[in-house]
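# Secondary and tertiary structure notes
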Amino acid sequence: MASDLAIRFFSLNVRGIRAKNKRKTVFDLLKRNKYDAICLQESYITKEVSEDWKKEWGGELMFSVGTAHSGGLVILLRKGFSCSCDVIYVSERLLAVNVDIGGKSVVVINAYAPNTIIEKNTFFEKTIDVINNLRVDDLILCGDFNCVLNNNMDIISGEKHAAGMVEKFNDVLNRCDLQDVWRLFHLDEKEYTWSKRNPF
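Note that the structure is a prediction, hence the values are computed from the model and not measured.

Okay, the overall build of the protein next. Looking only at helices and strands, one finds five helices and eight strands in the protein. When the helices and strands of the protein are listed from N to C terminus, the series reads β-α-β-α-β-β-β-β-β-α-β-α-α. In summary, the protein has a C-alpha radius of gyration of 17 Å against a globular reference of 16 Å for 200 residues, a match within 12%. Its C-alpha atoms put the protein at 45 × 40 × 30 Å along the principal axes. Relative to its full complement of 200 residues, the protein shows a buried share of 40%. For the protein, the accessible surface area stands at approximately 11400 Å², while carbon and sulfur atoms represent 50% of it.

What follows is the structure, given as structure tokens:
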């Protein structure tokens, strides 16, 4: 899936931004860095607060509802980012948005995988089905997958992920013609994106 579109993406599990101070801190950080499209997981967004959050953000905000204490996917588009967008798929754990920029389209999918192996296996199969049914050329898959693609390269410390789940996660990329862009540019670098420390 190749494209000459230049969009700055960011993805983060925020572990709840119902508290206004935390939400302001997160939104301010995102605005300062001028990301074009942002995928947030575990936002705890509900329909009742969505309009207030959109006003605070100032740009486009699309969401999949969670509860006041769990879940909730959000895709934000920067204010002033010249595009049109439409939600094309929404479920509890997947949110897909088509973003049209000057006649060129890219689909952004925000994902939040469950923790248990059985639920995760079902989630990965559903993700494959959703992506393949969209039949698009340009797609960005972001999110928190509660899994890694390589136990030896993607974990600094802690327990390894079940081999079957790592294989299944790789299967998503293979069957959907996707690539881990970070790994393409950092072939031998050990790095991680998860920490117990809350940066907010």
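Tallying each qualifying case throughout the model produces five aromatic pairs. With a centroid separation of 5.3 Å and an interplanar angle of 10°, the aromatic rings of Phe124 and Phe169 are classed as stacked. Pair noted here: Phe124 is in helix α3 (residues 117–134) and Phe169 is in helix α4 (residues 163–175), with a separation of 45 residues, a long-range link. With relative accessibility at 1%, the residue Phe124 sits in the buried group. We classify Phe169 as buried; its relative accessible area is 7%. Among the aromatic residues, those joined into a cluster by ring pairs are Phe123, Phe124, Phe145 and Phe169.

It is worth spelling out unusual backbone geometry at this point. Residue Lys34 is not a glycine yet carries a positive backbone phi of 55°. Looking at where Lys34 falls in the secondary structure, it is placed in the loop between α1 (20–33) and β2 (37–41). Its identity is not glycine, yet Arg135 carries a phi of approximately 50°, on the positive side. Considering the arrangement of structural elements, one finds Arg135 in the loop between α3 and β8 (139–144).

Residue placement: Arg78 occurs in the loop between β4 (73–77) and β5 (84–90). Assessed through its relative accessible area of 27%, Arg78 is described here as partly exposed. Sequence spacing of Arg78 and Lys34 is 44 residues, and the spatial spacing of their C-alpha atoms is 7.1 Å. Residues in contact with Arg78, not counting those within four places in the same chain, are Lys34, Tyr35, Asp36, Trp57 and Gly59.

Turning our attention to the nonpolar core. Ranked by internal contacts, the top residues of the largest apolar core, which has 24 residues, are Ile109, Phe123, Phe124 and Phe169. Breaking this core down by element, the ones donating at least two residues are β6 (94–101), β7 (104–112), α3 and α4. Ranked by size, the runner-up nonpolar core spans 17 residues in total, among them Cys39, Val97, Val108 and Cys142.

The first and last C-alpha atoms of α4 sit 18 Å apart over 13 residues, in line with the 18 Å expected at 1.5 Å per residue. Taken together, the buried positions of α4 are occupied by Met165, Val166, Lys168, Phe169, Val172 and Leu173. Buried residues in α4, looked at end-on, bunch into an arc of 165°, giving them a common side. Residues Ala163, Glu167 and Asn174 are exposed on α4 and point more than 90 degrees away from its buried face. Tucked inside the fold, the buried residues of α4 contact α3 and β8. Immediately downstream of α4, the backbone of Asp177 shows phi near 55°, a positive value.

Reading the values: the criteria
Residues numbered from 1 in each chain as written. Predicted model: local features only at pLDDT ≥ 70, side-chain atom pairs only at ≥ 80, totals over all residues. Heavy atoms only, no water. Helix = DSSP H or I, 4+ residues; strand = E, 2+ residues; numbered from the N terminus. Rg over C-alpha atoms; globule rule 2.2 N^0.38 Å. Buried < 20%, exposed > 50% of the residue type's maximum accessible area, 1.4 Å probe, protein only. Areas by Shrake-Rupley, 256 points an atom, 1.4 Å probe, with all protein chains shown as cover. Phe/Tyr/Trp six-rings, centres within 6.5 Å; stacked < 30°, edge-to-face > 60°. Contact = heavy atoms within 4.5 Å. Core = buried A, V, L, I, M, F, W, Y, C linked by side-chain atoms within 4.5 Å. Expected span 1.5 Å × (residues − 1). Arc of directions from axis to C-beta.

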